[in-house]
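For reference, the chains in residue letters:
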Amino acid sequence: MVDEWSLLQHDPMRAYRAKRDLNHQSVASKYNILGFISSGTYGRVYKAQSRDEEGKLHAIKKFKPDKEGDVVTYTGISQSAIREIALNREISHENVVALKEVILEDKSIYMVFEYAEHDFLQVIHHYTQSMYSQSGRPQIPTAVLKSLIHQLFNGLLYLHNAHILHRDLKPANILITSAGVVKIGDLGLARLTYQPLQPLFAGDKVVVTIWYRAPELLMGAKHYNKAVDCWAVGCVMAELANLRPIFKGEEAKLDSKKNVPFQKDQLLKILEVLGTPDEKDWPGIRDMPEYQSMKRLDIYPNRLYDWCRTRISSNAGYDLLRQLFAYDPDKRLTAKEALDHKWFHEDPKPSHNAFHNLGPSQLPPHRRITQDDAPSMMPAQPSQAQAHVTQFSQQMQGHTQGSGGSFTGLSAAPALC
Ligand SMILES: Nc1ncnc2c1ncn2[C@@H]1O[C@H](COP(=O)(O)OP(=O)(O)OP(=O)(O)O)[C@@H](O)[C@H]1O
């Protein structure tokens, strides 16, 4: 590998600018870290407030540096970080979480996002424990449920129109601001649809949550499309309606030879509610790689209508779910079709503030933050960051299909471009 820093040394002006920019843009100089929110697969997330006069709240995601044993290496920045940054810098929609900037400092990347006080998982927990119910058991009010799903489809339609598949929609990744506005987050596994799409479990280090995985993936499809996200929204809608995952299967792990296993239990959970699919439901099902594995399972009738009767108080709501749970991805409702669905046009209508009719005691609580880890977020020495920068720029270029140009939204890059 080329020593990027020595390259910079041959161009003292560039080196000076890069160093000046990085020091100037240090996380601590721009943001006051209020506390630690959560750790995800790729790093840790902190709540922060900008030090400027606006004092806006932010979530700062610090990516883990690469590690070989105990040694931190400078060989590159994780695929997931690059993917998330490359996609995020192109995106701007009210229902997709906004990336404000990216800071490279010390051995880490910091992505600064707009802050969202809640997420769908937290709302589910809140209502599970709450006393407020319309039907004797805890339930999210229909107006709230409908607003959340409508806004989620709005954000998803935007991503799909931009040829982006999210691929990991689940309650924890769908955020909500204190103003009741849904923000799709975590594009770490998102992909541009015109890039070749391998099965989710083959190339990626991290496996997508199985409960939201579409049947074509469980049946071993080699190619998949936007319909996988619409299936996931169906699962999320059902989970909001019932306050627990609708298809909560046990994941079969990779064997010692890393063969991708048939996810029998997950498929069974789906069959138990939606019934066993046949050629009529899904032309071409016989050609799916796991068709014979499915044939070995018991045969089930469709009982989605019964499932919905006690959980979704409208036939239109049932119909939307039925069409999101179409086995055949080509028959499954698209985000655009879903937004036009009659459920969203009947009362209660979806609103821009999903919480607008709730009293203060019905609102989900604020996100909890802890102080334990906050100090360790700060880089000790900003001096080693430069080695990352040029390589990072090259990797970004690879990820943006050779679009070239400067890296808008990236604090460190402009001086090097
Ligand atoms: N913009 C935000 N505002 C507030 N909290 C956030 C924000 N983004 C993420 N979080 C919180 O941090 C958690 C982890 O973030 P994120 O999902 O982006 O990380 P990840 O490493 O990709 O995690 P995972 O492995 O769960 O996919 C989220 O579940 C959420 O609780």
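Just so you know, these numbers come straight off a predicted model, no measurement behind them.

Procedures and definitions
Residues numbered from 1 in each chain as written. Predicted model: local features only at pLDDT ≥ 70, side-chain atom pairs only at ≥ 80, totals over all residues. Heavy atoms only, no water. Helix = DSSP H or I, 4+ residues; strand = E, 2+ residues; numbered from the N terminus. Buried < 20%, exposed > 50% of the residue type's maximum accessible area, 1.4 Å probe, protein only. pLDDT = per-residue confidence, 0-100. Contact = heavy atoms within 4.5 Å. Expected span 1.5 Å × (residues − 1). Near = heavy atom within 4 Å. Polar contact = N/O pair within 3.5 Å; in protein donor to acceptor, adjacent residues only side chain to side chain. Areas by Shrake-Rupley, 256 points an atom, 1.4 Å probe, with all protein chains shown as cover. Nonpolar A, V, L, I, M, F, W, Y, C, P; charged D, E, K, R; others polar. Domains from an automatic or database assignment. Pairing = 2+ DSSP bridges. Phe/Tyr/Trp six-rings, centres within 6.5 Å; stacked < 30°, edge-to-face > 60°. Axes fitted to C-alpha atoms, helices over the stretch in contact; angles between N-to-C directions.

Visitor: What's the story with unusual backbone geometry in this structure? I'm lost.
Guide: With glycine set apart, most residues show a phi of negative sign, and most peptide bonds adopt trans. Of note, the bond from Asp347 into Pro348 is cis; its omega dihedral lies within 30 degrees of zero at -10°. Relative to the helices and strands, Pro348 is located in the loop between helix H14 (335-339) and helix H15 (386-399). We note that His163 has phi near 65°; this positive angle belongs to a residue other than glycine. Mapped onto the secondary structure, His163 falls in the loop between helix H6 (142-161) and strand S9 (164-165). Looking at His163, the relative accessible area reads 37%, which means it is partly exposed. Phi is positive for Arg167, close to 75°, though the residue is something other than glycine. Relative to the assigned elements, Arg167 resides in the loop between S9 and strand S10 (174-176).

Visitor: Can you walk me through the confidence of the model for the protein chain in this structure?
Guide: For residues with low pLDDT, the predicted coordinates do not support detailed interpretation. Of the residues in the protein chain, 73% reach a pLDDT of 70 or more, and the chain-wide mean stands at 80. Residue range residues 14-24 is modelled with pLDDT below 50. Its contacts to residues more than four positions away, or to other chains, number 19 contacts. Confidence drops under a pLDDT of 50 for residues 379-417, and excluding neighbours within four residues, the segment shows 95 contacts in the predicted structure. At the level of chain-chain contacts, confidence expressed as ipTM amounts to 0.95, with global pTM at 0.83.

Visitor: Would you explain H6 in this entry?
Guide: Think of an α-helix as 3.6 residues a turn; residues three or four steps apart then line up on the same face. Between its terminal C-alpha atoms H6 stretches 28 Å, which fits the 28 Å expected from 20 residues at 1.5 Å a residue. Where burial is concerned, most of H6 is hidden: 14 out of the 20 residues are buried. Residue His163 follows H6 closely and has a positive phi angle near 65°.

Visitor: What exactly am I supposed to notice about the site of the ligand here?
Guide: For the ligand, the set of nearby residues contains 20 residues, the closest of which are Thr41, Lys61, Glu114, Asp186 and Arg367. Measuring from an oxygen atom of the ligand, one finds a side-chain N or O atom of Asn173 at 3.3 Å. Measuring from an oxygen atom of the ligand, one finds a side-chain N or O atom of Asp186 at 2.6 Å. Here the ligand loses 88% of its free accessible area of 610 Å² to cover by the protein chains. Only strand S1 (31-39), strand S3 (57-63) and strand S7 (108-114) provide two or more residues apiece to the shell around the ligand. Tallied by class, residues from the shell around the ligand come to 10 nonpolar, four polar and six charged. Summarising the domain contributions, the shell around the ligand has at least three residues from each of domain 1 (19-114) and domain 2 (119-344).

Visitor: Where do I start with the side chain of Asn242 in this structure?
Guide: Among the structural elements, Asn242 can be located in helix H9 (residues 227-242). On the accessibility criterion, Asn242 (14% relative accessible area) is buried.

Visitor: What's the story with the pairing of S3 in this structure? I'm lost.
Guide: Here is the key point about a regular strand: its side chains alternate between the two faces of the sheet. Of all seven residues in S3, six are buried; the element is thus mostly enclosed. Where strand S2 (residues 43-50) and S3 come together, seven bridges link them in antiparallel fashion. Along S3, the bridge assignment pairs Gly43 with Phe63. What sits between the antiparallel neighbours S2 and S3 is a turn of six residues, in which Gly55 has the positive phi angle 60°. Sheet analysis places S3 next to S7, joined by five bridges and oriented antiparallel. Bridging across to S7, Lys61 finds its partner in Met111.

Visitor: Can you help me understand the packing of aromatic side chains in this one?
Guide: Both the distance between ring centres and the angle between the ring planes are used here to describe each pair of aromatic rings. Tallying each qualifying case throughout the model produces eight aromatic pairs. Here the aromatic rings of Trp231 and Phe325 are separated by 4.9 Å at their centres, their planes lie at 55°, and the arrangement is tilted. Residue Trp231 is located in helix H9, and its partner Phe325 is located in the loop between helix H13 (315-324) and H14; the two are separated by 94 residues in the primary sequence. Relative accessible area serves as the criterion here: at 3%, Phe325 is assigned to the buried category. One aromatic cluster in this structure is built from Trp231, Phe247 and Phe325.

Visitor: Honestly, the sheet that holds S10 in this entry has me stumped. Any pointers?
Guide: Strands sit in the order S8-S10-S11 across an open sheet of three strands; the sheet is antiparallel. Each edge of the open sheet carries a strand with a single partner, namely strand S8 (118-119) and strand S11 (182-184). Relative to S10, S8 runs antiparallel, the two sharing two bridges. Within the sheet, the bridge partner assigned to Asp119 lies in S10 and is Leu175. Across the sheet, H6 touches S10 and S11, and the angle it forms with S11 is around 35°.

Visitor: When you look at the sheet that holds S1 in this model, what are you seeing that I'm missing?
Guide: Within a sheet, each strand pairs with its neighbour through backbone hydrogen bonds, oriented either parallel or antiparallel. Here five strands make up an open sheet; going across it, the order is S1-S2-S3-S7-S6 and the pairing antiparallel. A single partner strand is all that each edge strand has here, and the edge strands are S1 and strand S6 (99-105). Pairwise comparison of adjacent strand axes, ignoring direction, gives a mean angle of 25° for this sheet.

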